[in-house]
Amino acid sequence: MAPAQVICGKAASAQIRERLKTQVAQMKERVPGFRPGLAILQVGDRDDSNIYISMKLKAAAEIGINANHIKLPNTATEAEVLRCITVLNEDPAVHGFIVQLPLDTDKPINTDKVTNAVAPEKDVDGLTSISAGKLSRGELRDCFIPCTPKGCMELIRQTGIQIAGKKAVVVGRSKIVGAPMHDLLLWSHATVTTCHTKTAALAEEVSKADILVVAAGKPEMVKGEWIKPGAVVIDCGINYIPDSTKPNGKTVVGDVAYSAAKERASYITPVPGGVGPMTVAMLMQSTVESAQRFLEQFQPGKWSIQYNQLSLRTPVPSDIEVSRSCVPKRIGHLAREVGLLSEEVELYGQTKAKVLLSTLKRLKDQPDGKYVVVTGITPTPLGEGKSTTTIGLAQALGAHLNLNVFACVRQPSQGPTFGIKGGAAGGGYSQVIPMEEFNLHLTGDIHAITAANNLVAAAIDARMFHEQTQSDQALFTRLVPLVNGVKKFSDIQIRRLQKLGIEKTDPGTLTDEEKKKFVRLDIDPPTITWQRVMDTNDRFLRKITIGQSPTEKGFTRTAQFDITVASEIMAVLALTDGLGDMRRRLGKMVVASSKNGEPVTTDDLGVTGALAVLMKDAVKPNLMQTLEGTPVFVHAGPFANIAHGNSSVLADKIALKLVGQEGFVVTEAGFGADIGMEKFFNIKCRYSGLRPHVVVLVATVRALKMHGGGPTVTAGVPLPKEYIEENLQLLKIGCSNLGKQIQNARTFGIPVVVAVNAFKSDTEAELQLVIQLAKEAGAYDAVKCTHWAEGGKGAVALAQAVQRASQEPSNFKFLYNVELPVVEKIRIIAQQIYGAEDIELSPEAEQKVVVYTKQGFGNLPICMAKTHLSLSHNPEKKGVPTGFILPIRDIRASVGAGFLYPLVGTMSTMPGLPTRPCFYDIDLDPVSEQVNGLF
């Protein structure tokens, strides 16, 4: 018979590469800027591996694949290799990923563990157990096939013979070639026998083969006379044997005696030039196939996220029952769904995690999503459901409109949780879960703030004590001690010297006068504004005397405790945009004045670096989820009166990047629009540089009736009949407050959507009247919402209105220029937002204006500390009070946070416990460890 036709792998490979080149060009045309990505991970520096990798990189470059060679040293540990694999698994730009074998390492590394760590959807080498399992089950369309067997099948097909019904023999059983080759031939309907070096009567088995594939790793093991006449022979072997005729003294042969076999076979692959080139081509083909699969599933900017289905009950159970009716997703899974990498997430159990600020750096070129702030009309003491609306709107945008969405909310204080208010996770079927985690400790941010705040307080009193009991020289000796025979200033001490105008760094060169300036803060006790804090309501700490121990030598003073969320450090956390900025703000916090009237800062106390260390984890936003599985950032919880009452800038910034251009971030501003929203715009947006797209203004029939002259609403007391029976006249009068708050929002140039939060006692006529009057007052839209009872489903109309409003042009503007005089900025807020006729400053407030202006703080934004129960300073005045003079009792400075806060009336910064606090109902089941009675 005629000699076998040679199956040229080089020619077949070249054809495949040309086809792949065209396919890659089509992908680029379809998605501009897109390129298939291949990652090759190598451990060590084997020469043969370097050659193979070089071939793969060259082939990838020719086709248009973006190939990345990651090379770890041979000292890399298994954990380091696995970490690298995790990063590549999560990289959306990598579509194909191979680990170059063998691993060249000095460390014990489990190769199977390493290869199985590769994500199956990127396993273009087809070596994971999942890929092998799918291949053995015949699921060829849902797995990657090892490249050499895949290339062999391509060469067999090029012969034109029919595989089905043929007798096939595979010599070799490795998981890289032999075993998958058996499966491929079997699922192509051949009758397959697998042989190996230990097979009895091997020659006899081989002689039966219509198709023979040899991958035994033995030079010329299969003899020519074994070959069945007319068989197709595929030789996968690459072996080196001595050859004195060659310059290097050796030659390459296959596993088949080529010359003799060629005389009996009909088709045969040469070695080299047969299977080898096809292996690389198949790797490229699998990478392109993976990239095509990615593009088929890829929707630019869309998350691949699964939402939870609610099982709604009527009547709606308690919040804790609703919370526990839903099994939350594992937080690590949610993090992956929203595009976070595992290295960007620190898990705190299964339901909460911290997100690293490095996320912002990675996503810096990603366009921001749409920014929505939820605020409200002037509320009753019961609250009107801003938090519930925030969560309900997020659930509607995500689970029902299939848009990327993040909710960003404040972390609640534990004081009210155990006091009178209970939890603050939303309510009904619009909650953050698990609510007990949300309300208790979370990840310890508030405890970190407590520790940092009290370190400052301790530093103040300790410094005053030491200055009062020591000479200048003794203070200097202790502040700049001899260490290993050398005196040296710390970095923070160098900054103090520079502030004092002393340009020296050698402690030995300071004059006595310079030493005195350096060591004496000379704090004036009556000017101390920094108080100790704790996260518990305790009325008996509102005024205390400290320093009564004999060891303090009679240096006593009157002080107080505030609740932790009133600490300036909380406001700093909420307004910072990174670690560096936080450290700078912490150092600028003014704690007192010196007896010369100079501001004394935490930097002067030398405590800034320690504060940054205590706060280094707290600065990372906390990731949780809603009942329906949409993501939530819970971060920072500043007071809404003496501070700005908004969640953190960092949470908003990260969320805006994660949702992408068509996504939404819904955040909440504390209290009514006259307080929380005004501060959101004038303080938070001023510092963050972010510009909102929509204001959602929450209103209730209950609150509007109160503004229309209804009876007093008191927490814990049943509502009077006016609030549970239809009364359109009362409601219509009260809608004046709604109109004013719509006007306040529109003052900033942002479209307003009114969310009418419906209660079961509201009639349809009442709800429609509010909607009508809201639109007449200038709202872009107004809709009825039932998200408390129905979850996201009950806020779909709101979500659609918000989506439409976000397309409107935004003409955002600040209310005032910060360079205006302090008094003028206060007057603008009072007149334009509250409706006051004018303002009146007490002598103390006037003096503070002079002091702060002299100290260089006059250009800070204004954060009004005013009652939230009225547009005026008088909580009894409802509706839209006019003609009143707004009294400014005092003005204080949060310089680190970056605002001045005028006090309108008396502001309590330490709540007290009621006669029957919430803690009466809270308990722990010792068997299930379940928290009971939280809300």
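Look above for the structure.
Sequence positions are assigned chain by chain, starting from 1 and proceeding in written order. The predicted nature of this model means local features are confined to residues of pLDDT at least 70 and side-chain atom pairs, given and counted, to a pLDDT of 80 or more, with totals for whole chains, interfaces and linings taken over all residues. As a rule here, side-chain values come from all non-hydrogen atoms in the structure, and water together with hydrogens is ignored.

Turning to empty space enclosed by the protein, a few remarks are in order. In this analysis the probe radius is 1.4 Å and the grid spacing 1 Å, with only protein atoms considered; a cavity is a set of points the probe fits into but cannot get out of, a pocket is an open set with protein on both sides within 12 Å along at least five of seven lines, and lining residues have an atom within 4 Å of a point. Grid points are joined across faces, edges and corners, and a volume is the space filled by probe spheres set on the points. Under the definition given, this model contains one cavity of 30 Å³ or more. Counted as a void, the largest cavity has a volume near 50 Å³. In terms of lining, the largest cavity is formed by Phe97, Ile98, Val99, Thr115, Val118, Asp123, Asp125, Leu127 and Thr128.

On to the pattern of salt bridges, then. The term salt bridge refers to a side-chain nitrogen of Lys or Arg lying within 4 Å of a carboxyl oxygen of Asp or Glu. For the structure on display, the rule yields 42 salt bridges. Across the pair Lys71 and Asp45 runs a salt bridge whose closest N-O atoms are separated by 2.6 Å. Placement of the pair is Lys71 in strand β3 (residues 66–72) and Asp45 in the loop between β2 (37–43) and α2 (47–63), with a sequence separation of 26 residues. Relative accessibility under 20% of the residue-type maximum defines a buried residue, over 50% an exposed one, and the middle range a partly exposed one, all with a 1.4 Å probe and only protein chains included. Judged by its relative accessible area of 45%, Asp45 is partly exposed. Of the charged contacts, one joins Lys504 and Glu514 as a salt bridge, the two residues approaching to 2.9 Å between their closest N and O atoms. Of the two residues, Lys504 is situated in the loop between α19 (491–499) and α20 (512–519) and Glu514 in helix α20; the sequence distance between them amounts to 10 residues. A cluster of three or more residues bridged by salt bridges with shared partners is formed by Glu346, Lys616, Asp617 and Lys620. Numbering of helices and strands runs from the N terminus; a helix is a DSSP stretch of H or I covering at least four residues, while a strand is a stretch of E covering at least two.

Here we take up the side chain of Thr287. Looking at where Thr287 falls in the secondary structure, it is placed in helix α10 (residues 275–297). A contact between two residues is defined here by any heavy atoms of the two lying within 4.5 Å. Every residue in contact with Thr287, bar those within four places of it in the chain, is listed here: Gly37, Leu38, Ile65, His95, Gly96 and Val124.

A few words on the packing of aromatic side chains. Where two aromatic rings form a pair, the distance of their centres and the angle of their planes describe that pair. Classification of ring pairs uses Phe, Tyr and Trp, with its six-membered ring standing for Trp, and accepts pairs whose centres are within 6.5 Å; under 30 degrees between planes counts as stacked, over 60 as edge-to-face, and the remaining range as tilted. Evaluated as defined, the whole model comprises 15 aromatic pairs. Pairing Phe476 with Phe518 gives two aromatic rings, centres 6.0 Å apart and planes at 75 degrees, and the pair type is edge-to-face. Highlighted residues: Phe476 in helix α18 (residues 472–479) and Phe518 in helix α20, separated in sequence by 42 residues. Both rings, one in Phe919 and one in Tyr920, keep their centres 5.5 Å apart while their planes meet at 15 degrees; by these two values the pair is stacked. Note on Phe919: relative accessible area 39%, which makes it partly exposed.

Before going further, it helps to examine the pairing of strand β27 (residues 631–634). Two faces, one strand: in a regular strand the side chains alternate between the faces of the sheet. Of the two faces of β27, both are covered, the one formed by Pro631 and Phe633 as well as the one formed by Val632 and Val634. Sheet analysis places strand β15 (residues 405–409) next to β27, joined by three bridges and oriented parallel. Along β27, the bridge assignment pairs Val409 with Val634. By this definition, two strands are paired if DSSP reports at least two bridges between them. Here four bridges tie strand β26 (residues 622–626) to β27, and the two strands are oriented antiparallel to one another. Along β27, the bridge assignment pairs Met624 with Val632. Where β26 folds back on β27, the antiparallel hairpin that results is connected by four residues, among which Gly629 adopts a positive phi of roughly 90 degrees.

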